[in-house]
Structure formats: C-alpha cells, structure tokens
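# Geometric and topological summary
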Amino acid sequence: MTFEEIKSAITAKFSDAVLENPEGEENAIYLDSRSWSKIALFLVSDKDLFFNQLECLTGMDLGSETSLEVRYNFHSMEHRHKVEIRLTVDRKDPKIPSVEQIWRMADWFEREAYDMYGIVFEGHRDMTRILCPDDWEGWPLRKDYEVQDTYHGIVVPKIKEGWE
Amino acid sequence: MGVLENKFKDNIVVESLDKLLGWARSTSPWFFQFGLACCAIEMMASAASRHDLMRIGMIPRSSPRQADVMIVAGTVTIKMATRVKKLYEQMADPKYVISMGSCATSGGPYWQHGYHVLKGVDLVVPVDVYVPGCPPRPEALIEGLLKLQEKIQAERPLTQISA
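Calculation notes
- Residues numbered from 1 in each chain as written.
- Chains lettered and ligands numbered in written order.
- Predicted model: local features only at pLDDT ≥ 70, side-chain atom pairs only at ≥ 80, totals over all residues.
- Heavy atoms only, no water.
- Core = buried A, V, L, I, M, F, W, Y, C linked by side-chain atoms within 4.5 Å.
- Buried < 20%, exposed > 50% of the residue type's maximum accessible area, 1.4 Å probe, protein only.
- Helix = DSSP H or I, 4+ residues; strand = E, 2+ residues; numbered from the N terminus.
- Salt bridge = Lys/Arg side-chain N within 4 Å of Asp/Glu carboxyl O.
- Pairing = 2+ DSSP bridges.
- Contact = heavy atoms within 4.5 Å.
- Axes fitted to C-alpha atoms, helices over the stretch in contact; angles between N-to-C directions.
- Buried area = accessible area lost by both parts, 1.4 Å probe.
- Polar contact = N/O pair within 3.5 Å; in protein donor to acceptor, adjacent residues only side chain to side chain.
- Nonpolar A, V, L, I, M, F, W, Y, C, P; charged D, E, K, R; others polar.
- Expected span 1.5 Å × (residues − 1).
- Arc of directions from axis to C-beta.
- Phe/Tyr/Trp six-rings, centres within 6.5 Å; stacked < 30°, edge-to-face > 60°.
- Lys NZ or Arg CZ within 6 Å of the ring centre and 35° of its normal.

Glancing now at the nonpolar core. Burial of nonpolar side chains together is a common tendency in soluble globular proteins. One finds I10(A), W36(A), L43(A), Y72(A), F74(A) and I85(A) to be the most contacted residues of the largest nonpolar core, which totals 45 residues. Contributing elements (two or more residues each) for this core: α1 (3-13), β1 (29-31), α2 (36-45), β2 (53-61), β3 (68-76), β4 (81-89) and α3 (106-117) of chain A.

Here's what the structure looks like:
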C-alpha cells in the first residue's frame, strides 16, 4: 500500500482522530493521542495494513514554545510497506497510551523516551528510567533542561563557557 | 601493611626491607579489569599476546579484592562514578589508580556539553598515573604502568615519615 492508501484506510475508520499535517510535513500521519491505543490495535490487526513491526520510537522536543512529540515508524513484513505516525504530547502533562503490550519492541523505546523527555506512557508495565540513574532529576533532552547541582555528593558539571 | 606501616626509624635494616617490599609490590601489580569504553579495547590489547603485560608482572583480575591497580579505562559517567568509588573502596591496600585516556582524565570530548559524564575520575578516587590519548595505544599504557612501577618502587612503606 502507498502512503495515501494507508492514510485513507486509517481515516475511514477513525475520521476524527486524524489531524491535519503542519506545513512541509507531508510524509507522516498526525494522530490524536486520545484514541491512539485503539488505532494501534487497528494497525496491527487489520489484514490490509498489518504493521507487525515497530521499527523505531522517538521522543522529540520541538522547542520550548511547542509541545513534545512522539514518532513511531511502523513496517509490515507481510506487505512490505511502512508508515510514520506522529503524536503530539502536552508539555505540562505529558501522558500518552503505551503500545508496549502490542509491539514488545516498544518496551525499551518507551522507557528511553520517558528517561529523556519525561513522557509517561500509560499502561507500560515497567515505566522506569533506562539510562540515567533512577534518582536522577529532570529530563535531559528537553530544551529547557537544567542540570542538577550534585548527585550523591558528586558535583555535576555545568556547561563550561569560554573553554578552548 | 596496617600494623607495620610507617612505624620504624630510618636505618639500614628498615631501608633494605623497604626496598624488598617495593620490589615485590612493583613487580606484580595485578590490575583490575575495568573496561568502561573504547579504552578497554586497548587495555585488552595490552594484556594480550602481542604486548603481553605478563612481562611486567601484570595479570588481569576480575575481583577488586584481588587487585592492586585499578585501570580506569574509558568514559566515567556520573551513574558509574558512584560504582567506581565503591569498587575502589573494596580494593585492599596498597592500591593504585591509573586514569587511562582523556575521558577518564578530564571528561575528554564530553568536557563541554556532557551533563552525564564525570569531568575526570580524580574527582572521586585519587589517581596515581594519568595516561593521555584517545584512546592511548598499548605502548602508552605500558609506559604509564612502568611509571607506576617506578612510583611504587620509590615508596618507603615501613619508614616513619618525619613531619
């Protein structure tokens, strides 16, 4: 299936969940995160779509003004087509449904997105940090991240200005 | 040494014993296998047949309790720094630390923007020898180990240090 066919297949079933693409972003489908768990089940169970592989899950911070974003890259080994799904997440209350129990691949990816951006994937069975220590403060890849002063008595370095 | 350390006045017997101890310590500094990043590959190459650290009496040990020298080979993240400290505390005296490569020495390429990297392992454990390089070749590491051997040999473990 081509991208247009995939998009129309999703729109036919969930017409109110498919959002308009921003300008210049033509090759991804923007969805409403409230109905994401239903759509995710549809993507994997529908015979014509059958996206049985989650290739990648990326968290993004598009700048302090705008929201956070999660991008999913799906691939169907059966039909050999792929699609990119994007969900926007509120910065103040970053929660979206987890797809960990649908694609097991999402387990560590979602934990990484949680570790770096603080996006809580509701329904994930082990929503803990994966790279940073468990008691680390803040979300390192957010644009407004500020490093904590000390960690267990060790001074955490700040950005050093004027060093060459 | 504990009980005997720095307890004796300087005389010919103590000096000879000191030299013997220094010789014994310096010629068999077993090192703690402690690979954290790409420097570990060079450390392994130094221990393998071509460079053969066994020539200078060094055997890799997997337990901190059996090791005399800790070679910190690679990037020390802050998460790891707490463990590095714990492992150093588990080593028996006398113990030495070699900081291998620019990451362990100063943070290396993560100096400016790495929130997660410790800017030098000497912030958590005392370092005896720094080996520069990114990563240092096995020859450079061996040079550093020979420098450490010189340092150990020059120590006077029994002699009282006069203030």
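All names here are of chain A. Here the structure, examined in full by the defined rule, presents 19 salt bridges over all chains. A salt bridge links D61 to R91, with the shortest nitrogen-to-oxygen separation between them at 2.7 Å. A residue pair is termed long-range when its members are at least 10 positions apart, and D61 in strand β2 and R91 in the loop between β4 and β5 (95-97) qualify at 30 residues. As far as burial versus exposure is concerned, D61 and R91 are alike and both buried. Among the ionic pairs, D93 bridges to K95, the shortest N-O distance being 4.0 Å. For D93, a relative accessible area of 44% translates into the label partly exposed. You can call K95 partly exposed: its relative accessible area is 42%.

Attention shifts here to the sheet that holds strand β4 (residues 96-100) of chain B. Residue and element names in this part refer to chain B. In space, the five strands of this open sheet follow the order β2-β1-β3-β4-β5, with parallel pairing throughout. In the strand order of this sheet, the two ends are held by β2 (60-61) and β5 (129-131), each with one partner. Taken together, the three bridges between β4 and β5 define a ladder with parallel strand orientation. Directly across from I98, in β5, lies its bridge partner V129. Of the strands in this sheet, β1 (31-32), β3 (69-73) and β4 touch helix α2 (residues 39-47), which is tilted by about 135° from β3.

What follows covers the sheet that holds β1(A). Residues and elements named next belong to chain A. Spatially, the four strands line up as an open sheet ordered β1-β4-β3-β2, and their pairing is mixed. Edge positions in the open sheet fall to β1 and β2, since each of these has one partner strand only. Neighbour to neighbour, the strand axes of the sheet diverge by 25° on average, direction disregarded. Both β2 and β3 contribute to a ladder of eight bridges, which runs antiparallel. Note on β3: the bridge partner recorded for C56 is N73.

Contact residues are listed per partner, giving 18 residues for chain A and 13 residues for chain B. Of the roughly 1,300 Å² buried at the junction of chain A and chain B (both faces included), carbon and sulfur atoms supply 73%. If you look at where chain A meets chain B, you find zero salt bridges. Where chain A meets chain B, there are one residue pair in polar contact (both at pLDDT 80 or more). A per-class count over the side of chain A that touches chain B returns 15 nonpolar, one polar and two charged.

All names here are of chain B. The end-to-end C-alpha distance of helix α1 (residues 12-26), which contains 15 residues, comes to 21 Å, matching closely the 21 Å that a straight helix rising 1.5 Å per residue would cover. Every buried residue of α1 is accounted for by V14, D18, G22, R25 and S26. An end-on view of α1 places all buried positions within 90° of arc, on one side of the element. Opposite the buried face of α1, by more than 90 degrees, sit the exposed residues I12, V13 and K19. In this structure, the buried side of α1 is in contact with β4 and α5 (138-154).

Residue and element names in this part refer to chain B. Note on placement: G22 falls in helix α1. Relative accessible area serves as the criterion here: at 1%, G22 is assigned to the buried category. Sequence separation of G22 and Y110 is 88 residues, and the distance between their C-alpha atoms is 38 Å. With residues near it in sequence (within four places) discarded, G22 still touches I152 and Q153.

This part is about the packing of aromatic side chains. One pass over the structure, following the stated rule, counts 11 aromatic pairs over all chains. Between F74(A) and W103(A) the ring centres are 4.5 Å apart and the planes differ by 35°, which places this aromatic pair in the tilted class. Separated by 29 residues along the polypeptide, F74(A) in strand β3 and W103(A) in the loop between β5 and α3 bring together distant segments of the chain. You'll find F74(A) and W103(A) in the same group, each marked buried. The rings of W36(A), F51(A), Y72(A), F74(A) and W103(A) are connected pair by pair, giving a single aromatic cluster. One cation-aromatic arrangement involves K95(B) over Y88(B); the distance from NZ or CZ to the ring centre is 4.5 Å.

Further remarks concern unusual backbone geometry. Cis rather than trans, the peptide bond between D93(B) and P94(B) has omega equal to -5°. Omega for the bond connecting C134(B) with P135(B) falls within 30 degrees of zero, at -15°, which places this linkage in the cis form. Structurally, P135(B) can be placed in the loop between β5 and α5. For R80(A), which is not glycine, the phi torsion reads 55° and is therefore positive. Checked against the element boundaries, R80(A) lands in the loop between β3 and β4. Although it is not a glycine, D52(B) sits at a positive phi angle of roughly 55°. Position of D52(B) among the secondary structure elements: in the loop between α2 and β2.

Purely geometric stuff here, so don't read any function into it on its own.
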